[in-house]
Every structure is written in C-alpha cells, then in structure tokens.
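# Observations on the three-dimensional arrangement
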Amino acid sequence: MHPALSVIFLTTLIGAGQGLFLALFTGESYAAINIIPEQRHQFFAVGGLIVLMLLIAGLVASFFHLGHPERAWRAVTQWRTSWLSREVIILPLVMLLVALWSIAHYLEWNPTLLGMELGSEITLTLGAVTSAAVFLLYIATAMIYASIRFLREWASPLTVINFTLLGAASGFLLATAYATNYAQNLVNFYGGWAMILTLAAWFSRSAALIRNARLKPKSTIQSAIGIRHSQIAQKSMGMMGGSYNTREYFHGASRMVLRLIKWLALVLTFPLPLLLIWFGMSSDNAQLILIALFVQYLGLLFERWLFFAQANHPQNIYYQTVG
Amino acid sequence: MTQLALVIDLNVCVGCHACVTSCKEWNTSGVAGPLFDDNPYDANPTGTFFNRVQTFEIGTFPKTETVHFPKSCLHCEDPPCVPVCPTGASYKRREDGIVLVDYDKCIGCKYCSWACPYGAREIDEQQRVMKKCTLCVDRLYDASLPESERKPSCVLACPTQARIYGDIHDADSAASMAIRERGGYQLMPEWGTQPANHYLPRRKTELHIHADELVRSDNPLKKEDIRKGPSREVNLDDWMF
C-alpha cells in the first residue's frame, strides 16, 4: 500500500496521546493506593491538556486523508459494520472524557454526595472509564487494518497488540519527559514503564515482521485471472499513464529504501530510546529523556510507513506490466 | 432475488478496448458528472475508468496464447467493500444486486478501495469521491431507451459478443446458461467474495473428422452414393439467377 502521511500522523499522534493518558491515570491510581507519591491536580490537568492536543492534532491530520471532510459527520452512521465508523465515534468520545477528567482535576472538583465528600473518587472513576475508552480506541484504530482479511500482513491480532503497545510506549515516554519537568519523583516510575512497554512492543513488532516475512500469498496470477497454467506473464495492464490502481496500492520505494527504513524504524523505535531512557534516568539527565522521546517518535513514523508499505494488496497482481 | 451481472467470454474477447471506451463515454456523460481525466492529451495521461482490458501471455514462446482480460467491478454477492464504508455511501442494491456508491454521501476516505481485492474501485480526483462500475444502472431501467438497449454500454459495444449480461440467479437467463454450460468461473474464489461476474474459459475449437465418419452408414453424405448425378432438366433456378 502507498503510505499516506495523514494516516501515519493520525495513528502515531493519537497513539501517543492515548498512551500519555494511560500513563497519567496509572500515576493517579497508583498514588491513590499509596504506591507512588501523590501529585498536584495541576500535573494531571496540564497532562490531560497535552493528551487533548495530541488527539486534536491526529484528528486534524486525518482530515487531510478525506476527499470531503465537510461530510465527515456521516462517518458515525455505520458503526454496526465498519471499524472506521467505530473509530470516528470513539475518538471524540475519548476527547470528551479526557477533557472532563482534566477539568475535574483543574477545578479540583470535590462534590459532596449524601453528605460524603467524593474527593479523588470522582477523577478516579472518570479516569477508569476514559482508560476503557482509550483501549477501545486502540482496538478500533488497529481493527481498521486488521479486519481487511486479504491484506494478510495486517490481518492478524499482532496488529492490534502492536498499535496498543507502541502507542502506550510512546505515551509513557512522553509522560517521563513531562515528569522530568513537573514531577521529578515520578521520572523513574514512568521511565520504567516506558522501558517495559518499549521492550514488549519490540517483541511483538518483531513477531509481526517475522510473520510478514514468512507469509505466502493466497492469491496468485492464476487465481486472479482464473487460468491454470504455470507460465503467465502480463503484457499490458490496459493503460500506460498509470491510474489510481498503480498509485494507491504501490509504495514505489526501491527494495534498498524499504530495507533502510525497516532498520531505521527498528533502531530508532526500540534499542536507541531504551538506552537513552536508561542513561537519562541513571544520570538524572532530562535532556536525554527528551531526546529519547523525539527519537522514538521519529522511529514510529518510519515504523508506520513500513506498516503500510509492507501490506501487499492482491490487486497488485493485475498491475505488473505497463505494456 | 435478482443478481444482475456480466459473463465475460475470454474465448472470444479480441482485446479491442471497445468496452473500455464505450464505458468511459457513457459514464462520463451521465448525471453523476464527468469521470476525471488528467493530462488526456499530454504525457502520462491518467484518469478514472470503470473498465479496463488487460493482456496476458500464457505459456513460453513460441508455444504461447494471448488472453485479453476485461476487468471491472464484479458486483460480489458478499462484497467486502460495502460493510467497511463508514458513511453507508457504498451499498449493494437489494433489488438487483448492483454494488453502487452514493456520490453525495462518500467522504473519499478510500477505505472501500483497500477492502476490494480486485482493485475495482477508483477515486475521482476531481470530485474526490470513490467511483466504480455501476453496471450502467442508468440504462437498465430507462424506459425511454428501446428494450434492446437497456443493457450496460460495454455489452452493446462488444463487437464479438464476449460480454453476456443477465440475472445469474435466474437459471434460464443467457448469463446463467453460459456459466452452467461453458464452465463459467469466478476470480480469486479464495476470498469468498462470490463475485457475480463470471468468466468463461478459453476453449480449443478443433474439428476432428475420422475417416470412418465419412463412410459411416449414418453419415448424411452417404446420400451421395445413391444420387443419380445432376439433372439436365431446366429448373426454376436457371430462370431466376
């Protein structure tokens, strides 16, 4: 498939935003049972704002993928069958919930119910609901790709696992960088989680790469035109100036570039940030954490490009020779 | 249930592209607006087409056969492109099984084209909506056209009658009979999309005459044996020609 920048930015930005929310809420709930030191409400309110900005940035990027963004509201109608429709519903829902959670923190909202002060219960409950929605959004985003059964590089549970783990890893890394400025006592907590998630994502993404390398195509030129013969060569695809079929489904990069991007994605997303976080945490160097964040995000852009480029659409069988 | 479809006979298709041009002509002049063309008279002309004819060579030279392969939307009975559409713009008509796009609802997200294993859908880069073969739905029910012309444009244009149009759920239609009696098959059956359009395979048409067939008692040519030779009498033909 031809990787579209709009979708690359959409999936990486909202993935990181969702991950940051999960990190913030993990911090909040751990503090509630006194495993880690409690933070000021402001830490969560500003963090929630960053989550919101990432989600909005992703949404804006997604609009560049549409021919008619003014009709995008129609996309909420087919939630019964379409994962894309489900994503379109859940994304604004997550935004709303994150906004409510942030506002509750910002106002330090402490309503009384039946004479009892609810205190942190209210943001904890809201945060738990939001986290559930965040996980649903990861599933919906990944299922858009994993549900197309003949794009076999995508049609695997690994796609959902990877989207979730990669998003969570970048989000926890962002939380680490955020904590270096505003909650130094949480740097090791978030950094540790960022490393665990990055390791897990490294494992699952490698599994997907190995799976892709071993895939045997189900469709062949024989099944595509229904002629049983071992020697079939296309002599003409019916047009010479290209068409949507030749532009949308081919990444157009040479084998060399593809391999280069694969290694860039692997190195920039996994081992390099891991080392940087490790050194950043052990030497109390906030700058290394910040560099790790940008290195991993750059790696994720390459990783997402690779995700699209590696998907080999069966229609490509019909477009092998210009003529 | 009706399922309108095309049955394309690869045995008689000569690859003349008449179906391609007639399709483009009809569908660029309809109510849905023109089909996009970019650089039509320049280098690298490109644009939106509903139908293409491709050419394949089977075998190794010199023992090869050339197969011309017309390719358009197959109007699958279980179309994978329809359920993925987030807006409901892409739909399959209940009454005749044609898969269509509502150009006023389409947001141009291209998801349906990813979900079609055949690459049958093309985006119109001017109108920025997804387009595809409509089976000339605007001809099929047009009472102002003579009955014989209420068929897809490509079917009418084909000089070798390689395209048979009909209801494949009606066992007596020409399309169903062709599928049944001439080995009609579907493309990429491995995905379970059940394409409504079928293709008829190449056939070897050879005439075998064995020597004994010429002298067999049931050979009508046997009559020549008992013929007494041409008559010398003047008959009507001699007057008329």
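Residues numbered from 1 in each chain as written. Chains lettered and ligands numbered in written order. Predicted model: local features only at pLDDT ≥ 70, side-chain atom pairs only at ≥ 80, totals over all residues. Heavy atoms only, no water.

### Here we look at the layout of surface pockets
Residue and element names in this part refer to chain A.
- Counted as a void, the largest pocket has a volume near 590 Å³.
- Lining the largest pocket are 24 residues; nearest its centre among them are Asn212, His251, Leu258, Ala309 and Gln310.
- Mapped onto the lining of the largest pocket, the elements with two or more residues apiece are helix H6 (187-214), helix H9 (255-269) and helix H11 (286-310).
- Residue composition of the lining of the largest pocket, by class: 12 nonpolar, 8 polar and 4 charged.
- Volume-wise, the second largest pocket comes out at about 450 Å³.
- Forming the walls of the second largest pocket are 24 residues, and the residues nearest its centre are Ser62, Leu66, Leu84, Glu87 and Val88.
- Top contributing element to the lining of the second largest pocket by residue count: helix H3 (residues 83-106), with 5 residues.
- Across the lining of the second largest pocket, the residue classes break down as 19 nonpolar, 4 polar and 1 charged. (1 Å grid on protein atoms, 1.4 Å probe; cavity = no way out; pocket = protein on both sides within 12 Å on 5 of 7 lines; lining within 4 Å. Points joined across faces, edges and corners; volume = space filled by probe spheres on them. Helix = DSSP H or I, 4+ residues; strand = E, 2+ residues; numbered from the N terminus. Nonpolar A, V, L, I, M, F, W, Y, C, P; charged D, E, K, R; others polar.)

### Some remarks on the sheet that holds strand E3 (residues 232-236) of chain A
- The antiparallel open sheet is built from 3 strands, whose spatial order is E3(A)-E4(B)-E5(B). The outermost strands of the open sheet, each flanked by one partner alone, are E3 of chain A together with strand E5 (63-72) of chain B. For this sheet, the mean inter-axis angle between neighbouring strands, taken without regard to orientation, is 30°.
- Note: strand E4 (residues 51-60) of chain B against E5(B), 10 bridges, orientation antiparallel. (Pairing = 2+ DSSP bridges. Axes fitted to C-alpha atoms, helices over the stretch in contact; angles between N-to-C directions.)

### Quick look at the pairing of strand E1 (residues 4-9) of chain B
All names here are of chain B.
- Most of E1 sits out of view: 6 of its 6 residues are buried.
- Alternating positions in E1 separate into two faces, Leu4, Leu6 and Ile8 on one and Ala5, Val7 and Asp9 on the other, with burial throughout.
- Bridge analysis of E1 against strand E11 (residues 198-200) gives 3 bridges, and the strand direction is parallel. Across the sheet, Asp9 pairs through a bridge with Leu200, a residue of E11. (Buried < 20%, exposed > 50% of the residue type's maximum accessible area, 1.4 Å probe, protein only.)

### A closer look at the state of the cysteines
Residues and elements named next belong to chain B.
- Throughout the structure, instances matching the rule amount to 0 disulfides over all chains.
- You can see Cys16 has no disulfide; the closest cysteine sulfur is in Cys158, sitting 6.3 Å from it.
- Cys106 provides the cysteine sulfur closest to Cys112, a residue in no disulfide bond, and the two sulfurs are 6.3 Å apart.
- Judged by its relative accessible area of 9%, Cys112 falls in the buried class. (Disulfide = S-S within 2.5 Å.)

### Brief notes about the packing of aromatic side chains
- In the structure shown here, the tally under the stated rule is 29 aromatic pairs over all chains.
- A ring pair is formed by Tyr244(A) and Tyr249(A), whose centres lie 5.9 Å apart and whose planes are at 80°; its orientation type is edge-to-face.
- Tyr249(A) sits in the buried class, given a relative accessible area of 1%.
- Each ring, one from Phe307(A) and one from Phe308(A), has its centre 5.4 Å from the other, and the planes form 80°; the classification is edge-to-face. This pair shows no difference in class: Phe307(A) is buried, exactly as Phe308(A) is.
- An aromatic cluster is present here, built from Phe21(A), Phe25(A), Phe43(A), Phe44(A), Trp101(A), Tyr178(A) and Tyr182(A) joined pairwise through their rings.
- We note Lys24(B) situated over the ring of Phe49(B); from NZ or CZ to the ring centre the distance is 4.3 Å.
- Just above the ring of Trp26(B) sits the side chain of Arg139(B); from NZ or CZ to the centre is 4.4 Å. (Phe/Tyr/Trp six-rings, centres within 6.5 Å; stacked < 30°, edge-to-face > 60°. Lys NZ or Arg CZ within 6 Å of the ring centre and 35° of its normal.)

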